[in-house]
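# Observations on the model geometry
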Amino acid sequence: MPTETPAHELSLDHITVRFGGLTALDDVSLRVPAGHIVGVIGPNGAGKTTLFNVICGFVTPTSGEISLDGKPWRPRPHHLNRLGIARTLQGVGQFSGLTVLENVQVGARGHHRRGQDAGHDAGKAAGHDGGKASGQDGRETDRPAGRGWRAGRERLSQQDALATLERCGVAEYAHQHPGALPYAIRKRIELARALAARPRILMLDEPAGGLDADEIHWLAGLIREIGTTVLLVEHHMDLVMSVCDQILVLDFGKPIALGSPAEISTNDKVTEAYLGAAA
Ligand SMILES: Nc1ncnc2c1ncn2[C@@H]1O[C@H](COP(=O)(O)OP(=O)(O)OP(=O)(O)O)[C@@H](O)[C@H]1O
């Protein structure tokens with residue numbers, strides 16, 4: 001667990017989401033410090049997925065503010081990759097027409113494109129064009145150096161994708177199509193796709209759903225060693241308690257507790273919410 005007082009990478013302030021007459025999130029605030037693993041738990045219908053969707057830009061809050069690196073931020077799903085935010089979805093979200101390797105390469109490509117964008121921006125700042133040449137008429141030409149750059153990037157993204165599949169223990173499936181593979185393998189592939197993007201913030205939506213105890217044990221080890229900021233929305237209490245630095249507990253959209261696993265596990269409101277949900 002990080003020891004210094006860290007910067008808040010991601011902050012939610014007084015977020016409320018209403019769907020018609022239903023309040024799915026009711027004045028929820030959360031700080032996600034850089035390098036921490038923050039869990040969001042709560043009984044069914046508590047608003048966990050809605051919170052996740054707010055941060056991904058799938059749901060626009062009725063009120064409240066979100067900030068990234070201390071600046072106001074309006075999340076958009078198609079900007080997440082560029083900002084170094086990757087997510088896994090509940091269930092599995094792979095493209096069935098692509099092989100496992102190609103699916104994971106989609107994530108890895110995002111990382112290399114971010115690197116290229118940074119280089120391109122640095123190049124522009126330094127007064128050159130980042131790989132495109134200008135012809136005599138001033139138009140950009142696709143010179144061989146540019147094609148070589150793209151081919152190199154493609155090779156690197158493939159290597160990264162393979163390495164990430166290995167890290168997730170599923171490299172042997174690289175050339176198969178995900179649709180025919182067992183669910184637990186597909187969950188690992190989904191994780192590999194997100195990890196291959198080398199995100200600075202990794203958002204995991206119920207990664208333990210449908211996994212057995214051994215798989216969850218493996219997942220806990222992986223989450224602990226990722227070394228990046230993680231936001232974990234999860235039902236599986238043992239997983240959340242074993243990996244998270246901080247846990248936010250929601251109940252009917254309201255934040256009822258925020259604290260360390262030890263604090264949460266002895267919090268009466270949390271016990272009541274779960275006992276009430278089980279009744
Ligand atoms: N798009 C929507 N339109 C209307 N109501 C919605 C919508 N999305 C979620 N809800 C409602 O908002 C509430 C919170 O749902 P949400 O899926 O965020 O809860 P959850 O904690 O993720 O639940 P679960 O653990 O069952 O996945 C629920 O009552 C749900 O029915």
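Residues numbered from 1 in each chain as written. Predicted model: local features only at pLDDT ≥ 70, side-chain atom pairs only at ≥ 80, totals over all residues. Heavy atoms only, no water.

Going by what an unreviewed UniProt entry lists, the protein chain is known as ABC transporter ATP-binding protein and is assigned to Actinoplanes cyaneus.

### So, the site of the ligand
Threshold: The near set for a molecule or strand comprises every residue that places at least one heavy atom within 4 Å of it. Here a polar contact is taken to be a pair of N or O atoms separated by no more than 3.5 Å, where protein atoms must pair a possible hydrogen donor with a possible acceptor and residues adjacent in sequence count only if both atoms sit in side chains. Counting from the N terminus, the helices are the DSSP runs of H or I reaching at least four residues and the strands are the DSSP runs of E reaching at least two. Side-chain classes are defined by residue name, with Ala, Val, Leu, Ile, Met, Phe, Trp, Tyr, Cys and Pro counting as nonpolar, Asp, Glu, Lys and Arg as charged, and the others, Gly among them, as polar.
Around the ligand there are 13 residues in total, and Gly45, Lys48, Thr49, Thr50 and His235 lie nearest to it. Ala46 places a main-chain nitrogen or oxygen 3.0 Å from an oxygen atom of the ligand. Here Thr50 contributes a side-chain N or O atom positioned 2.6 Å from an oxygen atom of the ligand. When residues of the shell around the ligand are traced back to their parent elements, those giving at least two are β2 (22-33) and α1 (48-56). Looking at the shell around the ligand, the element that brings in the most residues is α1, giving three residues. The residue inventory of the shell around the ligand, partitioned by class, reads five nonpolar, six polar and two charged.

### Details of the pattern of salt bridges
So the rule is basically this: Here, a salt bridge means any Lys or Arg side-chain nitrogen found within 4 Å of an Asp or Glu carboxyl oxygen. Only protein chains enter the calculation, and the probe is 1.4 Å; a residue is then buried if its accessible area is under 20% of its type maximum, exposed if over 50%, and partly exposed in between.
All told, the structure shown has seven salt bridges when counted by the stated rule. Where Arg200 meets Glu9, a salt bridge forms, and the shortest distance between an N and an O atom there is 3.1 Å. Linking Arg200 in the loop between α4 (183-196) and β9 (201-205) with Glu9 in strand β1 (residues 8-19), this pair joins segments that are 191 residues apart in sequence. For Arg200, a relative accessible area of 27% gives the class partly exposed. Here Arg188 and Glu215 are joined by a salt bridge, their closest N and O atoms 3.1 Å apart. Residue Arg188 is found in helix α4, and its partner Glu215 is found in helix α5 (residues 213-226); the two are separated by 27 residues along the sequence. With relative accessibility at 14%, the residue Arg188 sits in the buried group.

### A closer look at the sheet that holds strand β12 (residues 254-259)
Short version of the rule: Whether two strands pair comes down to DSSP finding at least two bridges between them. To get an axis, fit a line to the C-alpha atoms, keeping to the stretch in contact for a helix; angles then go from 0 to 180 degrees between the N-to-C directions. For this analysis, residues touch if any pair of their heavy atoms sits within 4.5 Å.
Taken in spatial order, the six strands make up an open sheet running β6-β9-β10-β3-β11-β12, and their pairing is mixed. Since the sheet does not close on itself, it has two edges, and those belong to β6 (85-88) and β12, each with one partner. Across the sheet, the mean angle separating the axes of adjacent strands is 15° when strand polarity is ignored. Taken together, the four bridges between β6 and β9 define a ladder with parallel strand orientation. Bridged to Ala86 within β9 is Leu202. Those strands touched by α1 are β3 (37-41), β6, β9, β10 (229-233) and β11 (246-251), and its axis lies near 145° from that of β9.

### Focus: α4
The criterion, for reference: For a helix, the expected span equals 1.5 Å multiplied by the residue count minus one.
With 14 residues, α4 ought to run about 20 Å at 1.5 Å a step, and its terminal C-alpha atoms sit 20 Å apart, in line with that. Within α4, 12 of the 14 residues are buried, which leaves it mostly tucked inside the rest of the structure. Here α4 has its buried residues at Ile185, Arg186, Lys187, Arg188, Ile189, Glu190, Leu191, Ala192, Arg193, Ala194, Leu195 and Ala196. Trailing α4 by a residue or two, Arg198 shows a phi angle of about 45°, which is positive.

### Notes on unusual backbone geometry
Leaving glycine out, the prevailing phi sign among residues is negative, and the prevailing peptide bond configuration is trans. Positive phi, close to 55°, is recorded for Asp69, a residue that is not glycine. Considering the arrangement of structural elements, one finds Asp69 in the loop between β4 (63-68) and β5 (71-72). By relative accessible area, which is 43% here, Asp69 ends up partly exposed. Its identity as a non-glycine residue notwithstanding, Arg198 has a phi of 45°, on the positive side.

### Some points on the environment of Cys168
If you trace the backbone, Cys168 turns up in the loop between α3 (144-167) and α4. Judged by its relative accessible area of 0%, Cys168 falls in the buried class. In the structure, Cys168 is positioned 23 residues away from Leu191 in sequence and 7.7 Å away in space, judged by C-alpha atoms.

### Examining the nonpolar core
Convention followed: For the purposes of this section, nonpolar cores are sets of buried Ala, Val, Leu, Ile, Met, Phe, Trp, Tyr and Cys residues that join through side-chain atoms within 4.5 Å. By convention here, the domain bounds are inherited from an automatic or database domain assignment.
Counting residues in each nonpolar core, the largest one holds 45 residues, and the members touching the most others are Leu165, Leu202, Ile223, Leu232, Leu239, Val243 and Val249. Ranked by the residues each element gives to this core, the list is headed by α4, at seven residues. Inspection of this core shows a minimum of three residues originating in each of domain 1 (1-84 + 199-279) and domain 2 (98-182). Residue contacts for Ile223: discarding those within four places in its chain leaves Ile37, Leu204, Val230, Leu232, Leu239 and Val243. Core analysis: the next-biggest nonpolar cluster, separate from the first, contains 28 residues, Val17, Val40, Phe52 and Met203 among them.

### Here's the deal with the packing of aromatic side chains
Selection rule: A pair of Phe, Tyr and Trp rings is counted when the ring centres sit within 6.5 Å of each other, with Trp represented by its six-membered ring. The angle between the planes then sorts it: under 30 degrees is stacked, over 60 is edge-to-face, the rest tilted. For a ring to carry a charge above it, either NZ of a lysine or CZ of an arginine must fall within 6 Å of the ring centroid while also lying within 35 degrees of the normal to the ring plane.
Tallied over the entire structure, the rule returns zero aromatic pairs. Arg188 extends its terminal NZ or CZ atom over the ring of Trp218, reaching a point 3.7 Å from the ring centre.

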